[in-house]
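Below, each chain spelled out in residue letters.
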Protein chains: 2
Amino acid sequence: MITKATVKYIQSLQHKKVRDENNMFIAEGPKVVRELLDTAVFECEQIYCTETWLEGLDTNLANRYAERINVIKDFELEKISALKVSNNVLAIFHKKTALDPINISKTITLVLDDVQDPGNLGTIIRIADWFAIPTILCSRATADCYNPKVVQSTMASLGRVNIVYADIFEKLQKNSNIKKYAAVLGGKDINGVGKIKEGFIILGNESKGISKEIVAMADEKISIKRLGNAESLNVAVAAGIILYAVS
Amino acid sequence: MITKATVKYIQSLQHKKVRDENNMFIAEGPKVVRELLDTAVFECEQIYCTETWLEGLDTNLANRYAERINVIKDFELEKISALKVSNNVLAIFHKKTALDPINISKTITLVLDDVQDPGNLGTIIRIADWFAIPTILCSRATADCYNPKVVQSTMASLGRVNIVYADIFEKLQKNSNIKKYAAVLGGKDINGVGKIKEGFIILGNESKGISKEIVAMADEKISIKRLGNAESLNVAVAAGIILYAVS
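Note that the structure is a prediction, hence the values are computed from the model and not measured. (Residues numbered from 1 in each chain as written. Chains lettered and ligands numbered in written order. Predicted model: local features only at pLDDT ≥ 70, side-chain atom pairs only at ≥ 80, totals over all residues. Heavy atoms only, no water.)

1. Description of the overall build of chain A
Alright, step 1. Along its length, chain A carries 12 helices and 10 strands.
Alright, step 2. Taking 247 residues into account, the globule formula puts the C-alpha radius of gyration at 18 Å, and chain A, at 20 Å, falls close to it.
Alright, step 3. Counting only C-alpha atoms and orienting by the principal axes, one finds that chain A spans roughly 60 × 40 × 30 Å.
Alright, step 4. In chain A, which comprises 247 residues, the share counted as buried stands at 55%.
Alright, step 5. Per element, the accessible surface of chain A, about 11,500 Å² overall, is 49% carbon and sulfur.
Alright, step 6. Distance from the positive charge centre (31 side chains) to the negative charge centre (29 side chains) of chain A: 4 Å. (Helix = DSSP H or I, 4+ residues; strand = E, 2+ residues; numbered from the N terminus. Rg over C-alpha atoms; globule rule 2.2 N^0.38 Å. Buried < 20%, exposed > 50% of the residue type's maximum accessible area, 1.4 Å probe, protein only. Areas by Shrake-Rupley, 256 points an atom, 1.4 Å probe, with all protein chains shown as cover. Lys, Arg positive; Asp, Glu negative; His and termini not counted. Charge placed at Lys NZ, Arg CZ, Asp CG, Glu CD.)

2. Describing the pairing of strand β9 (residues 199-204) of chain B
Residue and element names in this part refer to chain B.
Alright, step 1. Of all six residues that make up β9, six are buried, and the element is covered over most of its length.
Alright, step 2. Here β9 shows two buried faces, one formed by Gly199, Ile201 and Leu203 and the other by Phe200, Ile202 and Gly204.
Alright, step 3. Here six bridges tie strand β5 (residues 108-113) to β9, and the two strands are oriented parallel to one another. Residue pairing across strands places Ile108 opposite Gly199, the latter belonging to β9.
Alright, step 4. Sheet topology places strand β8 (residues 180-189) next to β9; three bridges connect them, and they run parallel. Among the inter-strand pairings, Ala182 is bridged to a residue of β9, identified as Ile202. (Pairing = 2+ DSSP bridges.)

3. Some remarks on the environment of Ile136(B)
Residue and element names in this part refer to chain B.
Alright, step 1. Within the element layout of this structure, Ile136 appears in strand β6 (residues 135-138).
Alright, step 2. You can call Ile136 buried: its relative accessible area is 0%.
Alright, step 3. Here the alpha-carbon distance between Ile136 and Asn70, two residues 66 residues apart in the chain, equals 35 Å.
Alright, step 4. Filtering out sequence-adjacent residues up to four positions away, Ile136 remains in contact with Leu110, Leu112, Ile124, Ile125, Ala128, Val161, Asn162, Ile163 and Val164. (Contact = heavy atoms within 4.5 Å.)

4. What about the interface of chain B and chain A?
Alright, step 1. Chain B puts 34 residues into the contact, and the matching count from chain A is 34 residues.
Alright, step 2. The junction of chain B with chain A conceals about 2,900 Å² of combined surface from both sides, 63% of it contributed by carbon and sulfur atoms.
Alright, step 3. Summed over the three residues of chain B that lose the most area to chain A, namely Arg126(B), Trp130(B) and Tyr244(B), the buried surface amounts to 29% of that side.
Alright, step 4. Applying the counting rule to chain B against chain A returns two salt bridges.
Alright, step 5. For the salt bridge of Glu231(A) with Lys31(B), the shortest nitrogen-to-oxygen distance reads 3.2 Å.
Alright, step 6. Taken together, the elements giving at least two residues each to the side of chain B that touches chain A come down to α3 (30-39), α7 (118-130), α9 (157-160) and α12 (235-246) of chain B. (Buried area = accessible area lost by both parts, 1.4 Å probe. Salt bridge = Lys/Arg side-chain N within 4 Å of Asp/Glu carboxyl O.)

5. Description of the sheet that holds strand β3 (residues 69-71) of chain B
All names here are of chain B.
Alright, step 1. Read across the open sheet, the four strands follow the order β1-β4-β2-β3; overall the sheet is mixed. Each end of this open sheet is capped by a strand with a single partner; those strands are β1 (24-28) and β3. Neighbouring strand axes in the sheet, compared pairwise and without regard to direction, differ in orientation by 15 degrees on average.
Alright, step 2. Sheet analysis places strand β2 (residues 44-49) next to β3, joined by three bridges and oriented parallel. Across the sheet, Tyr48 pairs through a bridge with Asn70, a residue of β3. (Axes fitted to C-alpha atoms, helices over the stretch in contact; angles between N-to-C directions.)

6. Looking at a positive patch on the surface
Alright, step 1. Positive charge collects at one region of the surface, where Lys84(A), Lys149(A), Lys84(B) and Lys149(B) lie side by side.
Alright, step 2. Among the structural elements, Lys84(B) can be located in the loop between α6 (74-80) and β4 (89-94). (Patch = residues over 30% accessible without salt bridge, like charges linked within 9 Å, V, L, I, M, F, W, Y side chains within 5 Å.)

7. Considering the side chain of Thr123(A)
Alright, step 1. Along the chain, Thr123(A) falls in helix α7 (residues 118-130).
Alright, step 2. You can call Thr123(A) buried: its relative accessible area is 10%.
Alright, step 3. Among residues more than four places away in sequence, those in contact with Thr123(A) are Ser153(A), Ala236(A), Asn234(B) and Val237(B).

8. Some points on the packing of aromatic side chains
Alright, step 1. One pass over the structure, following the stated rule, counts nine aromatic pairs over all chains.
Alright, step 2. Centre to centre, the rings of Phe25(B) and Phe42(B) are 5.1 Å apart; their planes meet at 80 degrees, and the pair counts as edge-to-face. With Phe25(B) in strand β1 and Phe42(B) in the loop between α3 and β2, this pair connects stretches of sequence that are 17 residues apart. Of the two residues examined, Phe25(B) and Phe42(B), each falls in the buried class.
Alright, step 3. Ring centres of Phe25(B) and Phe93(B) lie 5.7 Å apart, and the angle between their planes is 25 degrees; on these two criteria the pair is classed as stacked. Here the residue Phe25(B) occupies a position in strand β1, and Phe93(B) occupies one in strand β4, the gap between them amounting to 68 residues. Note on accessibility: Phe25(B) and Phe93(B) belong to one class, buried.
Alright, step 4. By the ring-pair criterion, three or more aromatic residues cluster together here, those being Phe25(A), Phe42(A), Phe93(A) and Tyr146(A). (Phe/Tyr/Trp six-rings, centres within 6.5 Å; stacked < 30°, edge-to-face > 60°.)

9. Quick word on the relation of the copies chain B and chain A
Alright, step 1. For the pair chain B and chain A, the best superposition has an RMSD of 0.0 Å and corresponds to a rotation of 180 degrees with a translation of 0.0 Å parallel to the axis. Such a turn and shift between the copies fits a two-fold axis. (Least-squares fit on C-alpha atoms with pLDDT ≥ 70 in both.)

Structure, rendered in structure tokens:
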């Protein structure tokens, strides 16, 4: 059984404002929830699951989270799920406090200037985790990393990358000694940039790119050489190629 | 004015079966529709748009498509749109017949083994267009390239890449003289593979990867070196990095 108030509360966690006020977020589906429970980076508040999911859970986890597990019916899960088709389990986790000031010394730091699609942000977080980038610095208009779609697409990488929301202009200005690379169309071929040991790599909004004032701060404008005719590359794909090229 | 029958017909084009039967597909939003009209690779059947969109259309295009333009009300567009928020224009285009047999000589050919997410397929088509890959060979269970979400994310690249659906096992078998590279976890670092002038690069399903029988046909298993902890990379990101590395 799940009360009306709980249904309402969980549904409200779809909204950033409510997530921020409660310092909580939701994760859905066996794969994500299982990974988040396994890595235990985020404290688990409650688990709502079907009988089937619980039966498949290993004894260790089942015991550890026994007091937080609520077995509910499919139609109840349907009500609280944000997925088109609910998927056996939904869990509420505590958000983690981002580490700020960030450690930018002797490492690459990714900077996102208004990346607005949650799917893109999720994919970029996974890429950062793949290439061992410790920090992603996000402008305040960048998608919320606790948006359910982001959580879905990052898997446990969400817990391994430090994601900081800030005024990126200020942050970059403060770190004038660290080299800044802006990913733009028509910049220097990244193939010729070489390995980057330390620096900010800045990626922009899906349609508008990086804002003028941020581009103006860049020490180097970098690009992926186009061999064919596509107008642009998806921002997450660009992030992947650039990090591959300079790591 | 738009008739009930037309509304029903356009809605039905959301389904692959109907798209195949009619050999038509839909594109939505000013950017995509405009690009498809500009490049004129796909014959335009009908355009349904708001007054606002028509006013912004340049005279050349407005004249060329005059007989095919239907100005409708916002609430009518809402009815036929597959987007959450309809976006000024929806157009119906004729599908293009894929070129088969494909030209695989002296070029890279991308092979997709059951890539199921339309967003991923769309992104991969754009990547292929960026790196001047002429052909994508798709297994029959790969997402339909005329799915509205694919059309949305490929932009005009859809018209510039030859996308062929076939039994990829058979196709690869027939071309035993062409080198086959399978993207897997734990293969040879692509950084050491060098430039590829001719060959099939095979990418697999989002969760299951490449099927065993296809992996078994590969001459070389290739991977992107992992420096951090993420379990995997998104398949479109992997496609981008691999094509960057070997192009």
